[in-house]
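Summary of the model geometry
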Number of protein chains: 4
Amino acid sequence: MDRSIRVGLNGYGVIGKRVADAVKAQADMTLVGVSDVSTDWRIRVLDGMRIPLFAGTADAVRALVDAGIETAGGLEDLLGDVDVIVDCTPKHIAAGNVPIYRDRGLKFILQGGEKHAVTGHSFVAEANFETAVGRDATRVVSCNTTATVRTLTALKRAGLLLRARGTLLRRATDPWESHQSGIMNTLVPEAEIPSHQGPDAQTVDPDLDVVTMAVKVPETIAHLHYWAVQMTRAAKKEEVLDALRASSRIVLMKDEYGLEALNTVKELMADSGRSRSDLYEVALWADMLKVQGEELFYAYMVDNQAIVIPETIDAIRAVTGREVSGRRSIDATDAALGIGGGFFAKPHPRTPSAS
Amino acid sequence: MDRSIRVGLNGYGVIGKRVADAVKAQADMTLVGVSDVSTDWRIRVLDGMRIPLFAGTADAVRALVDAGIETAGGLEDLLGDVDVIVDCTPKHIAAGNVPIYRDRGLKFILQGGEKHAVTGHSFVAEANFETAVGRDATRVVSCNTTATVRTLTALKRAGLLLRARGTLLRRATDPWESHQSGIMNTLVPEAEIPSHQGPDAQTVDPDLDVVTMAVKVPETIAHLHYWAVQMTRAAKKEEVLDALRASSRIVLMKDEYGLEALNTVKELMADSGRSRSDLYEVALWADMLKVQGEELFYAYMVDNQAIVIPETIDAIRAVTGREVSGRRSIDATDAALGIGGGFFAKPHPRTPSAS
Amino acid sequence: MDRSIRVGLNGYGVIGKRVADAVKAQADMTLVGVSDVSTDWRIRVLDGMRIPLFAGTADAVRALVDAGIETAGGLEDLLGDVDVIVDCTPKHIAAGNVPIYRDRGLKFILQGGEKHAVTGHSFVAEANFETAVGRDATRVVSCNTTATVRTLTALKRAGLLLRARGTLLRRATDPWESHQSGIMNTLVPEAEIPSHQGPDAQTVDPDLDVVTMAVKVPETIAHLHYWAVQMTRAAKKEEVLDALRASSRIVLMKDEYGLEALNTVKELMADSGRSRSDLYEVALWADMLKVQGEELFYAYMVDNQAIVIPETIDAIRAVTGREVSGRRSIDATDAALGIGGGFFAKPHPRTPSAS
Amino acid sequence: MDRSIRVGLNGYGVIGKRVADAVKAQADMTLVGVSDVSTDWRIRVLDGMRIPLFAGTADAVRALVDAGIETAGGLEDLLGDVDVIVDCTPKHIAAGNVPIYRDRGLKFILQGGEKHAVTGHSFVAEANFETAVGRDATRVVSCNTTATVRTLTALKRAGLLLRARGTLLRRATDPWESHQSGIMNTLVPEAEIPSHQGPDAQTVDPDLDVVTMAVKVPETIAHLHYWAVQMTRAAKKEEVLDALRASSRIVLMKDEYGLEALNTVKELMADSGRSRSDLYEVALWADMLKVQGEELFYAYMVDNQAIVIPETIDAIRAVTGREVSGRRSIDATDAALGIGGGFFAKPHPRTPSAS
């Protein structure tokens, strides 16, 4: 077997900490360390997790010393010791880091808050893994775009997709920051139609005919997408479900499961022993899905904190060239994270929470 | 001038109390009294409002006496003294009252919680006022259906409507009952697609090609509808806006107003001096509306407590035959309720809150 | 009768617009105009309300012209035409305006966001109206402090108050801004105990022995206070209720009213025809109140948007010297705003919503 | 070493599933199986978890067969194979099961929804472990009462407690059921003062002088308690903190951790790798705690889903007589669940999520 891929992580926030868990769960990867600038509880847990911490900036070095938090060095030290860096810093910060990575000739992966142009490649594993193989960098697209591309790609591969019109209900903020950036007892429509997710999906697959409208809703659990799809032809419902089942990252929910709302699906993730109660899959209500002639209607839930984690793992394998087959990378990632086989499969023995 | 229409009201709840205010604001109507079965604060205000109370049932007679609340008689007494009864009792209760009204040969109006078949006629003023004229009864359709029919009728009259696909975000419960029937930090999709609003719109206008999907959201202010419409042809945005402006009950909001979300629109209603901060109109974001070839996308807000109030007033005129022209009834209702001319028109001197 | 007091208003926000309504409802006051710097819906309604608008700053002059909104002049013009200015600008802005008012020798009233030292006098009508008579300025204390002082003053006057310890649940944000400054599915304790409301109450009455703890809660309707009071002696519950009844601005709620939660009380205000559904009174659950030996426990609701409005009206009469008796001013204000006699009294013929 | 304690679990809901995880994490216990009557997702995960399922009723047998869910038998089969049964069925159901347990001479443990009289003993490990040793049964008190007794016991042991007056903010519903039983944008005071938690604490320790008031708040994460305590004498703040530190199940939070609100503490639990993000400890804000002469004020967070789990484990050891020392049982439980040493200790190698 090859040497383990040495992965560095810049930014230990909502995505970064999940990438850390997931990297540790992969047989072919090693988490070298994490770089951050904070000094609060988020950073203080790293010692207990036995994850080396690197100070992200000169200011952070001083702040961490003052706070009595041990570090293994600075960002430069981390960068010098890894094959690839995953940048999970807040939106638009990563673009500023890119020259540092490029100067070192270091492979890097950005998240969906950055623009496509920064890397010139946008990534969803089932749609375009192969085009990222060996590149210097790619961008894992945002949670909403990832879900959109996963589902539309499944329909497209079955020859069913003509065009898709979606309404995206976006959770207003993440749970950890809901004490300072929430909305209350209201709905906040995005000022522009179409919203940016349609064009963003086209950075992954320019052939998708997709228009989205988006609205912020007062909950913190997950996004919820509603779609009206024009199919290429009339199709049976079972045919559509089969097309969706072809993706290991879409899970179909039956009414008999009693998963009526976002909160119950999230509780199921906790009950299933998933690390941080994370839902990596697009969770689609199968009995609710409706075919009406050439039209198709459905809704699914998107865990905005978790859905891009398996994609990020796959992106690591692609840019490092460790794997050239999307299918094999996806299978490896799925096995390590307990994805696949629906919601009631036996959990894989090597779940991230056991690490 | 004709004798005032003598209106009775059965059920003084979220809709009933607004109908009461609105009837009192009409020059051609008299509110004879209100029938209800409750004994709490909702009923205790009636005395201060100088609205006669009639006990809805024999049990209610005793309960009201025990609570020391004065009544003007029972439901039968009210029915004997009116030209028309508006039934605003809770969902499915009204159907049981219908035989009583029919036995007396009394004209009656039901609300959207009842089935179309109970009256055989479903009502939205701008769509089908004339077909209700002189009937024994009609049903004012629900808030979501009213908004759907208003907007699609406007597009249809301009020759633009081919078919419409909507996603309806429904407020989870009304403010007054939000301490006992809410949802928290979740979204609850309706189990079936299509949701019932599409077929319900067709009870008013069978020619509408409309499909809806619905989801309960954790707020109490209003519903929010998103639509993707296939037009009969490519059209200019201004042409679409003109089609919508033709309805006095659709109000267009510009970005410069700063009305970014449901809560700000509701605050504007309070600031405008509207009774109970009610929004009678469909409030549509004009700058957000997008035309893309033959496709049209837009979103609007629906105040579920208020939108059916002007329709109910018009329905009273229709079934009693007091008015045979929808346009004239609508104008009268609008003037009395301060509807029309956009959000920043001078309020009509005779608003319901002044009664 | 004396000439009407000419009142100017600087800041037409959540408090300012209510002060405007209330001033217009007083027989002895005239609202000369309103000064503000915004150009959005909040300002655009003024024309319909027939309230003259004055541009608050030079920048505002330009912005209002650009927006096509007519003004009657600038702040200086307003100040030159009034007997007293009520400053309702956002927290800490008012302190900067004070020199302008002082230079003109103009009487002024600040709100509770400013420090006591700015005026040297802090005002709650039932506690210290008389000490404000003829002063150049006073500060109407914040909503939480006003409620605290009203209730503790009532207990003190009955000789019952030894010391009071309160837990204050604060609504996280106001409804109109809940789309941008909310909290979601969490509680946010104030970092310091005691919270500032205890010392703030002592700026009105230094003899009060009061300690408060405060926490932000995810709702927008009202504050809720819980108190544990050490009395000077054992007392009967009825004696305590009588002490509270002595204030016209405390209203007692019985269980039979069915007012179980904040939202139902707010709905009652709408049902009662109160302008903006405002609750001016401290609304205290009478059946819940508990006397246990020398200890007293109770809870009440505070409408943070409305409770200081009657105090502000009284403060106008005090500083202008129009009235020297707190009792007479309070009675006049109460009559004009429909306060007094409990929740189910007949509304006063001259309510602000009728203006 | 002794034979492992064979534990059965009746009711696999919000508490039951956590008890299952925790029993599995104990070196001296074996989870024999779980009895329940549901057929939805909550039960369908058991197979993946390798936890035997027993049908709770005859109806459940049929429903489970119809749903294609395998069982290992009925409740009777489970009861016949265990040393002790933990009843976590919904409130007031357990009381009906007690005769079945007693008939078999089976040791049992109830949860706080049941009345004290059913078992005659109410349990909080640090307060009265020893009095439960060898009993036939005990009742682990509710989450609010557990937190109250833990903290007041700590103060009492330090000789500081005279009397305590608390305001309890109760999360309105649990996350998994928040789609059907929530409250929205309101606060719901409990109708009676004192609320039941004070007397309930006295079932554990009759000497506690404690009065509580309670209010339902619109969030699902945790309860929050505010206390005003009269101490026996003036004390230094550090002395109070030392008293609280003596309990391994109270954790002190410093401001520098940045744990400002309920949601951040919950996120920390996820970040710490805690199963289901559970907080077993009372989490108390140390810098916020205030001593003022003989008075003490403080606030802490109570994870209502998790706090009784370690107590339940200790109760198993007590009633089975496996352990006669509370200290030793508590230490064993804490080690297995990763409790102790504050929030940033290294996690114990044997956490429940690894099972």
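Another aspect to go through is the overall build of chain A. Helix and strand counts for chain A come out as 13 helices and 15 strands. Taking 20 Å as the expected radius of gyration for a compact globule of 355 residues, we find that chain A reaches 20 Å, a close match to that expectation. Its C-alpha atoms give chain A principal-axis dimensions of roughly 65 × 45 × 40 Å. Partitioning the intrachain contacts of chain A with sequence separation of at least 6 by distance along the chain shows that 71% fall at a separation of at least 24.

Quick look at the interface of chain D and chain B now. With 15 residues of chain D in contact, the opposing surface of chain B contributes 15 residues. For chain D, the biggest contributors to the area lost against chain B are Ser178, His179 and Met184 of chain D; these three give 57% of the whole. On inspection of chain D and its partner chain B, the count reaches 0 salt bridges. Between the two partners, chain D and chain B, sit 3 residue pairs in polar contact (both at pLDDT 80 or more). Residues belonging to the side of chain D that touches chain B are distributed by class as follows: 6 nonpolar, 8 polar and 1 charged.

All names here are of chain C. What the rule picks out here adds up to 16 aromatic pairs over all chains. Ring centres of Tyr257 and Phe344 lie 4.7 Å apart, and the angle between their planes is 85°; on these two criteria the pair is classed as edge-to-face. One end of the pair, Tyr257, is in the loop between strand 12 (250–253) and helix 11 (262–271); the other, Phe344, is in the segment after helix 13 (326–337), with 87 residues separating them in the sequence. A cation sits over an aromatic face here: Arg42 above Trp41, 5.7 Å from the ring centre.

Right, let's talk about the pairing of strand 2 (residues 29–36) of chain D for a bit. Residues and elements named next belong to chain D. The buried fraction of strand 2 amounts to 7 of the 8 residues, a majority that puts the element mostly inside the structure. By the bridge criterion, 6 bridges tie strand 1 (residues 5–10) to strand 2 in an arrangement that is parallel. By the bridge assignment, Ile5 is partnered in strand 2 with Met29. In the sheet, strand 2 pairs with strand 3 (residues 53–55) via 3 bridges, with the strands oriented parallel. Bridging from a neighbouring strand, Val34 pairs with Leu53 of strand 3.

What follows covers the side chain of Gln197 of chain A. On the secondary structure map, Gln197 of chain A appears in helix 9 (residues 197–204). Of note is the side chain of Gln197 of chain A, whose polar atom sits 2.7 Å from the side chain of Ser195 of chain A.

Quick look at the relation of the copies chain D and chain B now. When chain D is fitted to chain B, the best match, at an RMSD of 0.0 Å, comes from turning it 180° and sliding it 0.0 Å along the axis. Given the turn and translation reported, the copies of this chain are related as if by a two-fold rotation axis. Closest approach to the rotation axis within chain D is made by the C-alpha atom of Gly182 of chain D, at a distance of 2.2 Å. Both copies contact each other with a shared surface, as 100% of the interface residues of chain D are interface residues in chain B too.

A separate point is the relation of the copies chain A and chain B. Turning chain A through 180° and shifting it by 0.0 Å along the axis lays it on chain B, with an RMSD of 0.0 Å. When the interface residues of chain A are mapped onto chain B, 100% of them are again interface residues, pointing to one common binding face.

What follows is about the environment of Ser272 of chain C. Secondary-structure assignment places Ser272 of chain C in the loop between helix 11 and strand 13 (282–285). Expressed as a C-alpha distance, the spacing of Ser272 of chain C and Ile109 of chain C, which sit 163 residues apart in the sequence, is 30 Å.

It is worth spelling out the pairing of strand 8 (residues 161–171) of chain D at this point. All names here are of chain D. For strand 8, the tally of buried residues reaches 8 of 11 residues, placing the bulk of the element in the interior. In terms of strand pairing, strand 8 meets strand 11 (residues 223–231) through 8 bridges, oriented antiparallel. Counted as the bridge partner of Leu169 is Leu224 from strand 11. Bridge count between strand 8 and strand 10 (residues 210–217): 8 bridges; the pairing is parallel. Pairing of Arg171 across the sheet is with Val217, part of strand 10.

It is worth spelling out the pattern of salt bridges at this point. If you walk through the whole model with that rule in mind, you get 124 salt bridges over all chains. Taking the shortest distance from any N to any O, the salt bridge between Lys17 of chain A and Glu267 of chain D comes out at 2.5 Å. In this pair, Lys17 of chain A sits in helix 1 (residues 16–24) while Glu267 of chain D sits in helix 12 (residues 262–271), so the two residues belong to two different chains. The burial state of Lys17 of chain A is the same as that of Glu267 of chain D; both residues are buried. The partner of Glu295 of chain D in a salt bridge is Arg165 of chain C, and the shortest N-O contact between them spans 2.8 Å.

Moving on, we get to the sheet that holds strand 7 (residues 137–140) of chain D. Residues and elements named next belong to chain D. Pairing within the open sheet is parallel, and its 7 strands lie in the order 3-2-1-4-5-7-6. Pairing within the sheet leaves two strands with one partner each, and these edge strands are strand 3 and strand 6 (122–123). The sheet contacts of helix 1 (residues 16–25) involve strand 1, strand 2 and strand 4 (84–87), and relative to strand 2 the element is tilted by about 160°. Lying over the sheet, helix 6 (residues 94–103) contacts strand 1, strand 4 and strand 5 (107–110), oriented at roughly 170° with respect to strand 5.

Before going further, it helps to spend a moment on the confidence of the model for chain A. Residue and element names in this part refer to chain A. Of all residues in chain A, 97% attain a pLDDT of 70 or more, and the chain-wide mean is 95. A low-confidence stretch, residues 349–355 (pLDDT under 50), is modelled with 16 contacts involving residues beyond four sequence positions or located in other chains. Reported confidence for the predicted complex is 0.96 by ipTM and 0.97 by pTM.

Take the environment of Leu152 of chain B next. Residues and elements named next belong to chain B. Considering the arrangement of structural elements, one finds Leu152 in helix 9 (residues 143–157). Looking at Leu152, the relative accessible area reads 1%, which means it is buried. When sequence neighbours within four positions are dropped, the list of residues in contact with Leu152 reads Leu161, Ala164, Leu208, Val210 and Tyr298.

Once that is clear, we can look at unusual backbone geometry. In the segment running from Ile193 of chain B into Pro194 of chain B, the intervening peptide bond is cis, with an omega of 0°. The residue Pro194 of chain B is located in the loop between strand 9 (188–189) and helix 10 (197–204) in this model. Its identity is not glycine, yet Arg276 of chain C carries a phi of approximately 55°, on the positive side. Counting through the fold element by element, Arg276 of chain C comes out in the loop between helix 11 and strand 13. On the basis of relative accessible area, Arg276 of chain C is assigned to the buried category, the value being 10%. Positive phi values are uncommon outside glycine, yet His92 of chain D reaches one of about 75°. Structurally, His92 of chain D can be placed in the loop between strand 4 and helix 6.

Here the focus is the side chain of Thr89 of chain D. Residues and elements named next belong to chain D. Along the chain, Thr89 falls in the loop between strand 4 and helix 6. Within the structure, the side chain of Thr89 is placed 2.5 Å from the side chain of Asp87, a separation counted as a polar contact. Polar side-chain contacts of Thr89 include one of 3.3 Å to the backbone nitrogen of Ala94.

As a further point, take the sheet that holds strand 7 (residues 137–140) of chain A. Residues and elements named next belong to chain A. As summarised here, the arrangement of the 7 strands in space is 3-2-1-4-5-7-6, forming an open sheet in which the pairing is parallel. Both edges of this open sheet fall to strand 3 (53–55) and strand 6 (122–123), since each of them pairs with a single strand only. The pairing of strand 5 (residues 107–110) with strand 7 spans 3 bridges and is classified as parallel. Looking at the pairing, Ile109 lines up with Thr138 of strand 7.

Moving on, we get to the interface of chain A and chain B. Of the residues lining the interface, 38 residues belong to chain A; the matching set on chain B comes to 38 residues. For the pair chain A and chain B, the summed buried area comes to about 3300 Å², and 66% of that belongs to carbon and sulfur atoms. The largest per-residue losses of area from chain A upon contact with chain B belong to Leu187, Ile193 and Tyr226 of chain A, which jointly make up 19% of the total buried on that side. Linking chain A to chain B there are 2 salt bridges. Here chain A and chain B share 15 residue pairs in polar contact (both at pLDDT 80 or more) between them.

This next bit is on the packing of helix 9 of chain B against helix 10 of chain B. In a packed pair of helices, the relevant descriptors are the angle between the two axes and the axis-to-axis distance. Residues and elements named next belong to chain B. Contact geometry for helix 9 and helix 10: axes closest at 9 Å, N-to-C directions at 60°. Regarding helix 9 and helix 10, the two cross each other, and that crossing is right-handed. On the side of helix 9, the interface is formed by Asn144, Thr145, Thr148 and Val149, while helix 10 contributes Gln197, Asp200, Ala201 and Val204. Looking at the contact of helix 9 with helix 10 residue by residue, the class counts come to 3 nonpolar, 4 polar and 1 charged.

How each quantity is defined
- Residues numbered from 1 in each chain as written.
- Chains lettered and ligands numbered in written order.
- Predicted model: local features only at pLDDT ≥ 70, side-chain atom pairs only at ≥ 80, totals over all residues.
- Heavy atoms only, no water.
- Helix = DSSP H or I, 4+ residues; strand = E, 2+ residues; numbered from the N terminus.
- Rg over C-alpha atoms; globule rule 2.2 N^0.38 Å.
- Contact = heavy atoms within 4.5 Å.
- Buried area = accessible area lost by both parts, 1.4 Å probe.
- Salt bridge = Lys/Arg side-chain N within 4 Å of Asp/Glu carboxyl O.
- Polar contact = N/O pair within 3.5 Å; in protein donor to acceptor, adjacent residues only side chain to side chain.
- Nonpolar A, V, L, I, M, F, W, Y, C, P; charged D, E, K, R; others polar.
- Phe/Tyr/Trp six-rings, centres within 6.5 Å; stacked < 30°, edge-to-face > 60°.
- Lys NZ or Arg CZ within 6 Å of the ring centre and 35° of its normal.
- Buried < 20%, exposed > 50% of the residue type's maximum accessible area, 1.4 Å probe, protein only.
- Pairing = 2+ DSSP bridges.
- Least-squares fit on C-alpha atoms with pLDDT ≥ 70 in both.
- Axes fitted to C-alpha atoms, helices over the stretch in contact; angles between N-to-C directions.
- pLDDT = per-residue confidence, 0-100.
- Left-handed = near helix turned anticlockwise from the far one by under 90°.

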